[in-house]
Amino acid sequence: MVFYHYFWGYMRYFAELAYDGTSFHGWQIQPNAYTVQEALDKALSTILRQKIETLGCGRTDTGVHAREFFAHFDALSDTHQHDIPGRKFLNSLNSLLPYQIGVKRIIQTDDQAHARFDATLRSYEYHIHHSKDPFRQGRSWLLQDKLDIERMNIAAAYMLSYTDFSAFSKSNTQVFTNNCKISRAEWVKDGEHLVFHISADRFLRNMVRAIVGTLVLVGRGIITPESIHEIIQSKNRSNAGSSVPACGLYLTEVKYPYIG
């Protein structure tokens, strides 16, 4: 990989961006659907006058938002006249992107840096509001039921002692392991709204929305906090709660050892 980049004159860059996922069918390019990756690749290819293909730190589903998301891409080094990490290039790139996507910065990295595999921590938030609010439409889940936050936090704390989260994973995903190390799982009351914070070294497909759906069952009094033990140990997705709507989910942080 190193030889390829040096020989052909490619340089690797990380783009940090944020997006409102309401209008997109997730991050990853797919046929007959408009995605964040498609929009970013098209804008980069246009401004750099070469085919650019980004690779993201993960994949967000349709309607999911990101306050912090990283993607890497390779560009011919003879495009240095663009000063890719510079403010002028950044402004030009953002002018080509739809208003729902904003690139915050571009960083030149080592040619083996990888947006997906090098991430050491990811954090998500899930937002719930209890009364109709036009300013939260598409950005938070309207749930009129009152929830017992204390019970939900007891259940959430139990998850920190487990690593196999098969019970919260979408079936038929192509991953080698369902093991994750959760370092934070906590509900916080923000005025009349609830926010669930969760951080881990990695996440499975649909994992956060399934966890929230299960914790909501605890908050409603349908299952006990201790039921979490049986659900996780079963490794069976059908034993966990339903996935909550995508609109309330935000990717909020992605950490790398070489990016401050």
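Rules of the game
- Residues numbered from 1 in each chain as written.
- Predicted model: local features only at pLDDT ≥ 70, side-chain atom pairs only at ≥ 80, totals over all residues.
- Heavy atoms only, no water.
- pLDDT = per-residue confidence, 0-100.
- Contact = heavy atoms within 4.5 Å.
- Axes fitted to C-alpha atoms, helices over the stretch in contact; angles between N-to-C directions.
- Helix = DSSP H or I, 4+ residues; strand = E, 2+ residues; numbered from the N terminus.
- Parallel < 35°, antiparallel > 145°, perpendicular 65-115°, else oblique.
- Left-handed = near helix turned anticlockwise from the far one by under 90°.
- Core = buried A, V, L, I, M, F, W, Y, C linked by side-chain atoms within 4.5 Å.
- Buried < 20%, exposed > 50% of the residue type's maximum accessible area, 1.4 Å probe, protein only.
- Salt bridge = Lys/Arg side-chain N within 4 Å of Asp/Glu carboxyl O.
- Expected span 1.5 Å × (residues − 1).
- Phe/Tyr/Trp six-rings, centres within 6.5 Å; stacked < 30°, edge-to-face > 60°.
- Lys NZ or Arg CZ within 6 Å of the ring centre and 35° of its normal.
- Arc of directions from axis to C-beta.
- Polar contact = N/O pair within 3.5 Å; in protein donor to acceptor, adjacent residues only side chain to side chain.

Peer 1: Mind laying out the confidence of the model for the chain, listing which residues take part and the relevant values?
Peer 2: Counting all residues, the mean pLDDT for the chain is 93, and 93% of those residues have values of 70 or more. Low pLDDT, under 50, characterises residues 1–7; the predicted model gives this stretch 10 contacts beyond four residues in sequence or across chains.

Peer 1: Could you give me a rundown of the packing of helix α2 (residues 36–48) against helix α3 (residues 87–96), with the residues and numbers involved?
Peer 2: Each pair of packed helices can be described by the angle between their axes along with the distance between the axes. At a minimum axis separation of 9 Å, α2 and α3 run at an interaxial angle of 130 degrees. When the interaxial angle is binned, α2 and α3 end up oblique. The chirality of how α2 crosses α3 is right-handed. Here α2 contributes Ala43, Leu44, Thr46, Ile47 and Leu48 to the contact with α3, which in turn contributes Phe89, Ser92, Leu93 and Leu96.

Peer 1: Break down the nonpolar core for me, citing the residues and quoting the values.
Peer 2: Counting residues in hydrophobic clusters, the biggest one holds 79 residues, and the most contacted among them are Leu17, Phe73, Ile106, Met159, Phe165 and Phe196. When residues in this core are grouped by element, the largest group, eight residues, is from helix α5 (residues 207–219). Excluding anything up to four places from it in sequence, Phe196 contacts Tyr124, Glu125, Tyr126, Ala156, Met159, Ala185, Glu186, Trp187, Ile211, Val212 and Leu215.

Peer 1: Describe the pattern of salt bridges, with residues and values.
Peer 2: It is possible for side chains bearing opposite charge to pair when their charged atoms get close. On inspection of all chains with the given rule, the structure shows 13 salt bridges. Taking the shortest distance from any N to any O, the salt bridge between Arg105 and Glu16 comes out at 2.4 Å. Taken together, the residues span a long stretch of sequence, with Arg105 in strand β4 (residues 101–109) and Glu16 in strand β1 (residues 10–19) at a distance of 89 residues. The class for Arg105 is partly exposed, based on a relative accessible area of 30%. Note that Arg205 and Asp61 form a salt bridge whose closest N and O atoms lie 3.5 Å from each other. Within this pair, whereas Arg205 is found in the loop between β8 (193–200) and α5, its partner Asp61 is found in the loop between β2 (55–56) and β3 (65–76), the two being separated by 144 residues in sequence. On the accessibility criterion, Arg205 (28% relative accessible area) is partly exposed.

Peer 1: Lay out α2 in plain terms, naming residues and giving numbers.
Peer 2: For α2, spanning 13 residues, the distance from its first C-alpha to its last is 18 Å, which sits close to the expected 18 Å at 1.5 Å a residue. Contact partners of the buried residues in α2: β1, β2, β3, α3 and β4.

Peer 1: Report on the packing of aromatic side chains, specifying residues and quantitative values.
Peer 2: A complete count under the given rule lists 13 aromatic pairs for this structure. Aromatic side chains Phe24 and Tyr34 sit 5.2 Å apart centroid to centroid with 40 degrees between the ring planes, which places their arrangement in the tilted category. Placement of Phe24 in the loop between β1 and α2 and of Tyr34 in the loop between β1 and α2 is noted, with a sequence separation of 10 residues between them. Classification of Tyr34 as partly exposed rests on a relative accessible area of 38%. Among the aromatic residues, those joined into a cluster by ring pairs are Phe14, Phe70, Tyr256 and Tyr258. Here the basic side chain of Arg67 rests over the ring of Tyr250, its NZ or CZ set 4.5 Å away from the ring centre.

Peer 1: Please provide a residue-by-residue account of helix α4 (residues 149–158), values included.
Peer 2: For an α-helix, the turn length of 3.6 residues means that residues three or four places apart are oriented alike. Along α4, the residues that are buried comprise Met152, Ala155 and Ala156. The buried side chains of α4 occupy one side of the element, clustering within an arc of 100 degrees when seen end-on. Among the residues of α4, the N-terminal cap falls to Asp148, whose side-chain oxygen and the backbone nitrogen of Glu150 are separated by 3.2 Å.

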